[in-house]
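Survey of secondary and tertiary structure
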Amino acid sequence: MIERSVLDKALKRALELGADEAEVYASVTHKREVKSEGRKLKAVSLSTVSASVRVAVDKRVAIARATSLDEEVLLGAVEEAVSAARVSEKDEHWPGLPGPAEPLHGWIGYDEGIATLEPGYLVELAKYMIGEVDSLGRDLMVASVEASAHSGETLVMNTRGVDVSERGTGMVIMLELKKGEGTGFSFDVSRSLLGDIQVYGVIDEAARLTLDAARAEKLGETFKGPVLFDPVTVAPLLNMILSQAFNGELVVEGYSPLAGKLGQHVLGSLTLYDDGTIPGALGTSLYDAEGVPRRRTLLAEEGVVKGFLHNTYTAARMGTESTGNASRGGRVGVSHSNLVVKPGRDSWETLEEAARIVARGFLLSVHTVNYVTGNFSVVASNPYLVRGGEEKPVKPVTLAGNFYELSPGIVPGRRVRHTYMAVATPPLLVDGVTVSG
Amino acid sequence: MYEDTAARLLERAAALGASFAEVRFEDAVSENIAVTNGRVSSLSTTRRRGAGVRVLYNGSIGFSATSDLSLGGLEAALMEAYHAARALGGGDKRIADAEPAGRLRLEGVRRHPSGVGWEEKLDAAMRAYRRAVELGGQVVTTRYGAYYAVEEVYSTGGFASSFEKLVIGLQASVVLRENGKTGNGYESVGGSGGFEMLAGGFSPEAVAERAYERARLHLEASPPPAGEMAVITRPDLTGVFAHESFGHLTEADHVYTGASPLHGRLGEEIASEHVTIVDAGWDERGGIRLLADDEGVATRRTVLVERGVLRSYLHSRETAAEMGMETTGNGRAQDYAHDPIVRMRNTFFEAGDWGEEEIVEETRRGLILDMPAGGQVQLDGTFTFNAMIGYLVENGERVKPVRDVVLAGNILEMLRYVDAVAGNVEIRTSPFGGCGKGGQHAYVGLGGPTLRASKLLVGGRQ
């Protein structure tokens with residue numbers, strides 16, 4: 001448990017040193033992980049502590065962080081933050097820290113069963129996955145396997161009376177296989193309930209992708225056409241483009257292409273929202289990183305921009321309220337909680353009939369996507385060419401386009417899947433993508 | 001500084017029956033300032049202090065870490081690592097012998113960032129901002145960043161090393177919007193020097209000017225054609241090519257398991273004779289200066305490919321033991337809370353004897369590209385790297401600006417297509433970017449000269 005009295009002292013010290021306002025964010029995490037190089041396992045057991053102190057002195061803001069909650073270290077961070085703030089520039093827009101508010105839902109993603117899991121269980125799970133791959137008898141090489149469990153506690157306190165804490169847990173399994181020139185990768189994540197992890201689903205998916213890739217042929221052509229994206233495959237692309245485009249900070253500062261587009265129709269028929277209150281979802285919590293309650297925020301309805309993601313500062317800049325989307329690294333930023341794409345009516349099979357390429361696996365270079373313009377140029381790791389109702393594996397292909405130009409031709413399918421970037425999406429059929437391979 | 005504590009901890013590990021134990025102390029500071037559209041959007045400092053403990057017990061490796069540096073805190077971490085190793089059951093892991101780097105300091109640092117006030121650091125970011133706006137930048141973010149640390153590594157057999165780390169730098173990003181078109185450009189500079197480095201070509205003004213020029217070109221550009229064609233990479237981009245297309249698959253953790261397509265190919269000709277690729281702890285021409293790796297081993301200059309022939313893999317003490325080789329000083333960890341894994345340092349193509357203009361003039365149809373946006377590689381040898389700007393080249397002339405394109409190939413064939421290499425080697429680093437692997441970030445250097453690959457797959461749109 002995080003000791004509140006030390007954090008309270010830190011806040012008082014900040015005021016004594018001349019800060020107008022102060023906030024402490026503290027987190028403690030425990031992680032047990034079994035990972036491998038090939039079939040050789042390695043075990044890691046980590047406990048990390050971090051504290052982040054944010055102060056405002058006459059609308060000048062600074063942050064100091066430390067990896068300890070010892071009083072001496074924390075008070076040192078307070079002094080560092082106050083002295084840095086004094087030399088910063090005044091920000092006339094600074095609205096002050098948020099005040100206290102009650103949470104809007106009651107689901108706590110904490111499973112005592114995960115928090116108390118012994119490393120031996122993860123070792124057995126990893127060995128079991130390797131054994132299951134062997135028992136498929138298809139000459140599949142295990143490139144790497146991973147099983148991990150983590151738990152943590154976060155606490156936010158500020159001089160306006162916010163004093164909230166919550167706990168959370170999660171589990172991850174991952175498998176990467178190789179055969180000849182083919183590779184396949186699959187994973188699953190869960191907040192709670194060991195039974196929720198799809199061990200066989202992960203093994204089967206990685207094996208299928210690998211075996212198909214091993215017999216894949218070169219596409220040998222370039223065309224513009226419809227590409228069907230598996231939910232897991234497209235989630236990082238949506239994360240890179242939409243999560244950034246609706247980020248209130250990037251909107252306020254003019255980086256987002258959606259700045260000034262509130263009420264305009266720019267995203268085809270897509271309906272999109274952020275929801276930090278979905279029980280069981282990866283991005284669900286009671287509060288954001290400033291202690292503001294999580295909620296549901298409509299971002300786009302039938303392609304029309306309806307709202308943006310905000311923390312307290314960006315909300316004030318746009319004359320609205322925080323949407324409970326404050327995030328925390330070296331600075332206080334904005335990020336989605338669970339980004340949800342509303343499903344459509346078409347089944348996977350219907351969309352597949354309309355597609356020329358099906359993109360499974362992952363998108364190489366997806367982290368390079370240019371959210372400022374919406375341009376993407378990536379490589380699909382495990383693509384399939386659809387011909388005569390059959391999917392035929394092909395070698396990796398490039399996929400390129402501009403998300404906004406393509407959005408009128410995006411058809412969401414049925415069945416939303418929650419994926420690891422806290423993006424929940426159905427499969428998406430996207431027409432007009434340039435494919436080359 | 002932690003010698004006595006470490007000695008007691010290692011004794012305790014031996015008493016538990018560990019055949020090898022290691023404790024690595026890190027005391028690090030990261031500084032970050034960002035100025036967005038004239039306001040200070042970030043001013044933060046992070047002090048990170050802790051230790052990581054690695055144990056080899058009964059042929060299995062366990063790792064744990066703590067920020068409690070009392071003997072009691074360290075012993076608790078040791079027990080966690082020991083229990084983790086025991087949970088694995090018996091194994092056949094070993095740790096290769098290595099010489100400690102000893103006590104090393106970064107020489108020639110005049111104004112270490114720890115001794116420079118916030119005012120001056122903020123002023124550097126503000127100067128870059130003002131210059132970018134003066135030129136016409138409409139949306140501008142400029143950054144100052146620094147990371148510095150002192151690390152100590154102690155392990156079984158009296159192994160002791162202590163060394164400094166430092167990387168400092170500036171970045172500018174500029175967005176231009178005109179007539180419904182958007183262009184954005186960035187520039188990052190950095191190195192393992194003091195504040196005095198941020199002058200000349202690394203001055204705030206120079207950084208802002210290059211970011212603006214790139215944004216201007218990006219604005220005017222359109223998507224390139226798609227398909228296979230000749231690609232000329234400028235030095236910045238060549239570095240990403242070296243890192244992604246090749247470097248990762250020489251990391252021996254992928255090699256000893258047989259997963260890398262470079263497994264079992266030492267001594268084989270895998271690239272054209274124009275290709276020499278090096279991974280070094282430091283180089284006079286730039287990049288990051290890494291005196292030792294995070295296992296406390298001095299960094300060697302490792303020639304990976306020499307005139308087309310695969311000469312070496314990159315090793316940590318763990319992978320060296322797996323392959324019966326020596327460590328190359330590539331065992332690196334993100335911070336004290338992560339275990340060392342095989343990572344690159346400064347990876348670059350060596351110089352050839354062409355001139356950049358000569359290469360362009362000798363190209364009938366292709367692209368010349370710059371401003372890297374990152375890349376990736378997977379174990380089948382498929383690599384990607386992205387460029388944000390460049391030109392379509394026809395009959396030896398730059399005819400039309402192009403932008404936002406992925407380049408892809410397969411490692412076992414693409415390096416054979418490198419047919420012209422210039423002499424203009426540049427090696428770059430910065431505290432803003434880096435490389436990600438296995439959930440760990442690492443500061444790296446990238447570089448090389450302008451070079452041409454006669455055939456790469458281009459993810460264009462026409």
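Parameters at a glance
Once a new chain begins, its residue numbering starts again from 1 and follows that chain's sequence as written. Chain letters start at A and ligand numbers start at 1, both assigned in the order the entries are written. Given that this is a predicted model, residues contribute local features only at a pLDDT of at least 70 and side-chain atom pairs are listed and counted only at 80 or more, while totals for whole chains, interfaces and linings are drawn from all residues. Each helix is a run of H or I in the DSSP string that is no shorter than four residues. Each strand is a run of E no shorter than two, and both are numbered from the N terminus. Atoms considered for the radius of gyration are the C-alpha atoms alone. The globule rule reads 2.2 Å times the number of residues to the power 0.38. Put simply, a residue is buried when 20 or more other C-beta atoms lie within 10 Å of its own C-beta and exposed when 12 or fewer do; between those, it is partly exposed, and each C-beta is set from the backbone. Here the contact rule is simple: place C-beta atoms from the backbone, and any two residues whose C-beta atoms are within 7 Å are in contact. Domain segmentation is taken from an automatic or database assignment of domains. Two strands are said to pair when DSSP picks up at least two bridges between them. Fitting a line to C-alpha atoms yields each axis, with helices limited to the stretch in contact; the angle taken between N-to-C directions then spans 0 to 180 degrees. As used here, a nonpolar core is made of buried Ala, Val, Leu, Ile, Met, Phe, Trp, Tyr and Cys residues. They are joined through C-beta atoms within 7 Å. Here a helix's expected span is defined as the number of its residues, less one, multiplied by 1.5 Å. Put simply, a crossing is left-handed when the front helix is turned counterclockwise from the back one by less than a right angle, and right-handed when it is turned clockwise. By the definition adopted for this analysis, an angle is roughly parallel if under 35 degrees, roughly antiparallel if over 145, roughly perpendicular if from 65 to 115, and oblique otherwise. Residues are grouped as follows: Ala, Val, Leu, Ile, Met, Phe, Trp, Tyr, Cys and Pro are nonpolar; Asp, Glu, Lys and Arg are charged; every other residue, Gly included, is polar.

Secondary structure summary: chain A contains 10 helices and 21 strands in total. Relative to the globule expectation of 22 Å for 437 residues, the C-alpha radius of gyration of chain A, 24 Å, shows essentially globular dimensions. For the C-alpha atoms alone, the extent of chain A along its principal axes is close to 75 × 55 × 35 Å. Taken over 437 residues, chain A has a buried fraction of 58%.

If you tally the helices and strands in chain B, you get nine helices and 23 strands. Relative to a compact globule of 462 residues, whose C-alpha radius of gyration would be 23 Å, chain B shows 23 Å and is just as compact. Here the C-alpha coordinates of chain B stretch approximately 70 × 55 × 35 Å along the principal axes. A burial count over chain B gives 63% of its 462 residues as buried. Taking all contacts inside chain B whose residues are at least 6 apart in sequence as the whole, residues at least 24 apart take part in 75%.

Right, let's get into the domain arrangement of chain B. Interfaces are often described in size by the accessible area the parts lose on coming together. Residue and element names in this part refer to chain B. Here the domain parsing of chain B yields domain 1 (3-220) and domain 2 (227-458). Relative to domain 2, the C-alpha centre of domain 1 lies at a distance of 22 Å. Between domain 1 and domain 2, the residue contacts involve 43 residues of the former and 32 residues of the latter. Elements supplying a minimum of two residues to the side of domain 1 that touches domain 2: β1 (20-36), β2 (39-57), β3 (60-66), β5 (139-155), β6 (159-178), β7 (181-191) and α4 (204-220). The element contributing the most residues to the side of domain 1 that touches domain 2 is β6, with seven residues.

Between chain B and chain A, the contact holds 65 residues from the first and 61 residues from the second. Per element, the largest residue contribution to the side of chain B that touches chain A is 11 residues, and it comes from β2 of chain B. Bridging between strand β2 (residues 40-57) of chain A and β3 of chain B involves four bridges; their strand directions are parallel. Bridging across to β3 of chain B, L46 of chain A finds its partner in A65 of chain B.

Another point: the domain arrangement of chain A. All names here are of chain A. Its domain assignment divides chain A into domain 1 (4-211) and domain 2 (216-437). Look at where the C-alpha atoms of domain 1 and domain 2 centre, and you get two points 23 Å apart. Facing 30 residues of domain 1, the contacting portion of domain 2 comprises 30 residues. At the level of secondary structure, the elements contributing two or more residues to the side of domain 1 that touches domain 2 comprise β2, β3 (60-66), β4 (141-158), β5 (163-179) and β6 (182-190). Looking at the side of domain 1 that touches domain 2 element by element, the count peaks at five residues for β6.

What follows concerns the sheet that holds strand β9 (residues 277-280) of chain B. Strand pairing in a sheet takes place through backbone hydrogen bonds and is either antiparallel or parallel in direction. Residue and element names in this part refer to chain B. In spatial order, the strands read β11-β10-β9-β14-β22-β19; together these six strands make up an open sheet with mixed pairing. With partners counted over all chains shown, the strands left at the sheet margins are β11 (309-310) and β19 (426-428), one partner each. In this structure, strand β14 (residues 346-349) lies alongside strand β22 (residues 445-448), joined through three bridges in parallel fashion. What sits directly across from T347, in β22, is L446. With respect to the sheet, helix α5 (residues 235-250) is in contact with β9, β10 (302-306), β14, β19 and β22, its orientation differing from that of β22 by roughly 115°.

All names here are of chain B. Buried residues dominate β5, accounting for 15 of its 17 residues. When β1 meets β5, the two strands line up antiparallel, connected through 15 bridges. Paired with T36 across the two strands is T141, which belongs to β5. Both β5 and β6 contribute to a ladder of 17 bridges, which runs antiparallel. Across the sheet, residue V153 finds its bridge partner in β6, namely S161. Linking two consecutive strands that pair antiparallel, namely β5 and β6, is a turn of three residues; a positive phi of about 90° is found at G157 within it.

By size, the foremost hydrophobic cluster in this structure holds 290 residues, and its most contacted members are V53, V55 and A81 of chain A together with V55 of chain B. Discounting residues that sit within four places of it in the chain, V55 of chain A has contacts with A14, A19, E21, A22, A62, A81, V82 and A85 of chain A.

Here helix α3 (residues 118-135) of chain B spans 26 Å end to end across 18 residues, near enough to the 26 Å set by a 1.5 Å rise per residue. Taken together, the buried positions of α3 of chain B are W118, K121, A124, A125, A128, Y129, R131 and A132 of chain B. Buried residues belonging to α3 of chain B abut α2 (71-87) of chain A together with β1, β5, β6 and α4 of chain B. A positive phi of about 120° marks G136 of chain B, the residue just after α3 of chain B.

Residue and element names in this part refer to chain B. Contact pair helix α1 (residues 3-16) / helix α2 (residues 71-87): the axes reach a minimum separation of 10 Å and the direction vectors enclose 35°. Of the two elements, α1 crosses α2, and the hand of that crossing is right-handed. The residues of α2 that touch α1, namely those facing T5, R8, L9, R12, A13 and L16, are L71, L74, E75, L78 and Y82.

Positioned with a positive phi, R415 of chain A is a non-glycine residue whose angle comes to about 70°. Counting through the fold element by element, R415 of chain A comes out in the loop between β18 (410-412) and β19 (417-418). Classification of R415 of chain A as partly exposed rests on a count of 13 C-beta atoms within 10 Å. Here the phi dihedral of R307 of chain B falls at roughly 45°; this positive angle occurs in a residue that is not glycine. Mapped onto the fold, R307 of chain B is located in the loop between β10 and β11.

All names here are of chain B. Close contact between α3 and α4 brings their axes to 8 Å; oriented N to C, the two are set at 40°. By the criterion of interaxial angle, the relationship of α3 to α4 is oblique. Judged by the twist between their axes, the crossing of α3 over α4 is right-handed. Across the interface between the two elements, A124, R127, A128, R131, A132 and L135 of α3 pack against P204, E205, V207, A208, E209, A211 and Y212 of α4. Taken together, the residues of the contact of α3 with α4 break down into nine nonpolar, no polar and four charged.

Turning next to the environment of L122 of chain A. All names here are of chain A. Structurally, the position occupied by L122 is in helix α4 (residues 119-135). Among the residues examined, L122 registers 27 C-beta atoms within 10 Å and is labelled buried. Separated by 24 residues in sequence, L122 and E146 place their C-alpha atoms 8.7 Å apart. Leaving out residues up to four positions away in the same chain, L122 has contacts with R32, V34, L117, A147, S148 and A149.

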